[in-house]
Amino acid sequence: MGFKWLAVSSIFILFFFTAETSAQVKKLYGQIRDAHSEELIPFASLEFKNTAIGALSDSAGNFSFRFSHWPSDTLLVTYVGYEDYVLPVDTTLEEIQVIIELERGKTNTEVIIKSKIGKGLIMWRKIVQHKPYNDRARFDNFSYELYNKLEADLNDATNNKLIKFPLLKPFKSVIYKNIDSTSETKPILPLYLTETLSDYYYQRKPRKTREVFKAVKTLGFNSPSISKLLGGMYQNVNVYKNFIPVFDKDFVSPISDNGSAYYRYQVPDTQFIGGRRYFHFLFTPKHKGESTFIGDAWIADSSYAVMKMNLRVSELANLNFVEKLDLIQEYQLVNDSVWFLAKDKFVGDFVFLDKKRLSFIGRKTSTYRNIFINDTSVSGELEKNKLREEVVISDSASKHSDAYWNDARHEELSANESGIYKMIDTLLEMPSFKRFTNLVYFLGTGYKNVGNYEIGPWYNWITANTYEGLRLRFDLGTNTGFNKKIYLTGYLAYGFLDKKLKGRFQGLYLFNKSPRSTLLASYINDIDNGQVYYDEVGSDNLFAIALRKPNVSFKYIKVEQEKLEYFKEWNSGFSITLNSQRRQFTPLINLPVKDSFPVSNGGSPLNSFELGIKLRFAYLEKFLDGNFYRISLGSDFPIVEAHYTKGISGVLKSSYDYQKIGGSISDYKKIAPYGSIYYNLYAGKVFGTLPYPLLEIPPGNNLWYYNKYAFNMMTRYEYLTDWYAGINVEHNIGNGLFRFIPLTRTLKFRQFWNAKIVWGGLSDANRDYNFGNMEHAFKGLDGNPYMEIGTGVDNIFKVFRLDFIWKVLPRPLPEKVFERFGIFGSFRVVF
């Protein structure tokens, strides 16, 4: 009896003690991550204040504590390269779950090893020494499946003034429903999400790459050319290269061969992950204002391969509209021996006006699966290539179901990301939202769609000049609603001083978009406004009124032109343009009139008919496609052009027989860390005795707005040539000398220089024909050079550029010394 009572009592006491103990267990657990990139931070130190109790987060950034009672009400979290984080602990709670976000910083107070060779420098040398063995470019070939996800969000959505814009009022309710307020800092509004899934193939010798897009998903707009730019072909970051591209600039990699000239290195600790030893490798910039990163990496022992690298663009780096920018690259072991890409992540905070108006977050995540290295299947796929680089998007890529995407994605969409598709779909159906986007499009591009037609650009509607006085113009064209292959456009203009109607009509038939093939027919009867390229500012522009040079004799000539042109391009980058055109010139003011050029062959003065051919080779040139036209994004190789023109008399009262030949070679190259350089070499010759409109007229500029295609200190129609050769060079240095001055470094000014030179001359026959006893004489170069050199300040207020131009040759007369120097302005938006 006593034994039973004792046993029951013991069980009761044990149960009571266990229950009491379990009720008193205190739990604290969670994750530690980067506040900006949201990447988890491994091996961060956690310590309760004024105690010896602490721990490290694990290799995935997780941590957990269990206590019978709270040791302290304050938890201190530290990690090298980040600001210390103090977490108040509510000791009245038994269980606390938390996500701790650390901000990068504290670089000023970190220990800097003063000896010439420290652990960090030795580690950097080891990494560089092993780069040839760790860089994926060393393999004979490889392939992988690539999943890309791009998201754009409005930052601090509840306080953003853009949300409170009156025109957004009709659809604010839809927007506020999708604001993600789960963020620890500021709520965001998801705006855009696109996903792509592709197979990427690479071969080292001979170098070949191929990317086949299997699926593309996007809402709002669907542009195949943008999808290509988001793939692996053009967005492939490799930390083992000496330079890492960030938008249009090259930043010095922390493990560059010359990295020690730009970075300080530290190795604060080592850790074991999965039984393998890794070094914690830190880097900070040596100098302010350089194109460098701040961050850290985990380096595998023995192989010295990068397991993970976190890159943050340094604070004073010369980038526009970027408040913060993080690049993360992770590697995985393949076949337990080779480190290969596992994940890329890009997170950027962009501020275009100010944080309260236009502030966005951009995120791009890339993951890599199904990796094959040195495999015959890769070679077999690359045999399909006709070019060194090929990108293929199937017609069905954008037609996959949601079920397909649920299976194909490498990682699930968050609830926030899933809501983007629903929100955008809802907004696109709202008439008020369509009106808002149409207004933004009209103000930004100048064009407005009205049913199957478009009007614009609005900035050509009203202008004025000395010959026409007030000039009004109205443009009308078709859009894809009218026809997806045919584009018709035209305008009518009227001058209130000359009381004449002018205009143009043009029709384009698009046989094929890629490779491009078109047929163009146009008729124009208007004053030559000096605009040859789409990004030039001609005289037929609202903004040109305030930019005209004073005391310059404006020279106007009317052109009546009928033109037929066929363009054909091949995948190789070779293209041919065939054209025929008839032009009739009528000088209007400050130019020799028609009567100065009598003809005796039955034709009309200043009337020509010609046939022409232009050959162009731009290997692997990239384009941003529109509905009917496209914008070149350049090529990594020089672009070569050659043209030949044959003038024929007796056709449509044409009066002249002649021949023209010419050609050019141009290139744009990044020369990191010294910026970029552009050059254009050109030459040509005219065979025949011709009036000035049919000769070669070096391009001049009558505006104070800088023209990169023209000689800015030269006026239009100032010189005539029938042979010419020249070169234009511009070197954009970046911040250059400005980085040594605190104020200009903070303002992110940029430095450049340029030079333009042309040699030219006239035959005796053409000189006599055009210069003989005429009131409005031209100038000739007589085989001598015309040369301008310039420098200036770029990136003023992020959009404005000032050019200081000196006319070096020919030297002006002493009484015209003011013609030697000019200051020009221009606008451009670049990162």
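Focus on the overall build of the chain
- When helices and strands are tallied, the chain shows 10 helices and 42 strands.
- Among the 831 residues that make up the chain, the fraction classed as buried is 48%.
- Once local pairs closer than 6 in sequence are excluded, the contacts in the chain between residues at least 24 apart make up 62%.
- As displayed, the chain has an accessible area near 41,400 Å², and 58% of this comes from carbon and sulfur atoms.

Here we look at the sheet that holds strand β3 (residues 54-56)
- Ordered by their spatial adjacency, four strands build an open sheet running β3-β2-β5-β6, and the pairing between neighbours is antiparallel. Each having just a single partner strand, β3 and β6 (85-88) make up the two edges of the open sheet. Strand-to-strand twist across the sheet, computed as the mean angle between neighbouring axes with direction ignored, equals 20°.
- Pairing geometry for strand β5 (residues 74-78) and β6, over four bridges, is antiparallel. Paired with Thr74 across the bridge in β6 is Pro88.

Considerations on helix α8 (residues 431-445)
- With 15 residues, α8 should reach 21 Å at 1.5 Å per residue; the first-to-last C-alpha distance of 21 Å fits that figure.
- Among the residues of α8, those classed as buried are Ser432, Phe433, Phe436 and Phe442.
- One or two steps after α8, the chain reaches Gly446, where phi turns positive at roughly 95°.

Considering the pairing of strand β11 (residues 243-246)
- Only one face of β11 is buried: it carries Ile244 and Val246, and the other face, with Phe243 and Pro245, is open.
- For β11 and strand β12 (residues 249-252), the ladder comprises four bridges, and the chain directions are antiparallel. Among the inter-strand pairings, Val246 is bridged to a residue of β12, identified as Lys249.

With respect to the nonpolar core
- Ranked by internal contacts, the top residues of the largest apolar core, which has 75 residues, are Leu28, Ile32, Leu75, Phe281, Phe283, Phe293 and Ile299.
- Beyond its immediate stretch of four places on either side in the chain, Phe283 contacts Pro254, Tyr263, Arg264, Tyr265, Phe293, Ile294, Gly295, Asp296, Ala297, Met309, Asn310 and Leu311.
- Residues Phe585, Tyr658, Leu690 and Leu762 belong to the second largest nonpolar core, which totals 18 residues.

Section: the environment of Met787
- The residue Met787 is located in strand β40 (residues 785-796) in this model.
- Accessibility expressed as a relative area gives 23% for Met787, which makes it partly exposed.
- Residues Met787 and Ile757 lie 30 residues apart in sequence; the distance between their C-alpha atoms is 4.3 Å.
- Here Met787 is in contact with Lys756, Ile757, Trp806, Lys807, Val808 and Leu809, once residues within four sequence places are set aside.

Thoughts on the sheet that holds strand β4 (residues 62-67)
- Here we have three strands laid out as an open sheet, ordered β4-β1-β7, and mixed in their pairing. Either end of the sheet is taken by a strand with one partner, and the two such strands are β4 and β7 (95-102). Neighbour-to-neighbour, the strand axes of the sheet open up by a mean angle of 20°, direction not taken into account.
- One ladder, built from eight bridges, connects strand β1 (residues 26-34) with β7; its direction is parallel. Note on β7: the bridge partner recorded for Gly30 is Val98.

Examining the environment of Ile294
- Tracing the backbone shows Ile294 in strand β15 (residues 293-300).
- Using a relative accessible area of 15% as the deciding quantity, one classes Ile294 as buried.
- Put simply, Ile294 and Tyr263 are 31 residues apart on the chain and 8.8 Å apart in space, counted from C-alpha to C-alpha.

Quick word on the pattern of salt bridges
- One pass over the structure, following the stated rule, counts 45 salt bridges.
- Here Lys131 ties to Asp257 by a salt bridge, and the two come within 2.9 Å at their closest N and O atoms. Separated by 126 residues along the polypeptide, Lys131 in helix α2 (residues 119-134) and Asp257 in the loop between β12 and β13 (263-273) bring together distant segments of the chain.
- On the basis of relative accessibility, which here comes to 7%, the residue Lys131 falls in the buried class.
- A relative accessible area of 46% places Asp257 in the partly exposed class.
- The partner of Asp528 in a salt bridge is Arg716, and the shortest N-O contact between them spans 2.8 Å. Pair noted here: Asp528 is in the loop between β27 (517-527) and β28 (556-569) and Arg716 is in the loop between β35 (676-687) and β36 (719-720), with a separation of 188 residues, a long-range link.

Parameters and conventions
- Residues numbered from 1 in each chain as written.
- Predicted model: local features only at pLDDT ≥ 70, side-chain atom pairs only at ≥ 80, totals over all residues.
- Heavy atoms only, no water.
- Helix = DSSP H or I, 4+ residues; strand = E, 2+ residues; numbered from the N terminus.
- Buried < 20%, exposed > 50% of the residue type's maximum accessible area, 1.4 Å probe, protein only.
- Contact = heavy atoms within 4.5 Å.
- Areas by Shrake-Rupley, 256 points an atom, 1.4 Å probe, with all protein chains shown as cover.
- Pairing = 2+ DSSP bridges.
- Axes fitted to C-alpha atoms, helices over the stretch in contact; angles between N-to-C directions.
- Expected span 1.5 Å × (residues − 1).
- Core = buried A, V, L, I, M, F, W, Y, C linked by side-chain atoms within 4.5 Å.
- Salt bridge = Lys/Arg side-chain N within 4 Å of Asp/Glu carboxyl O.

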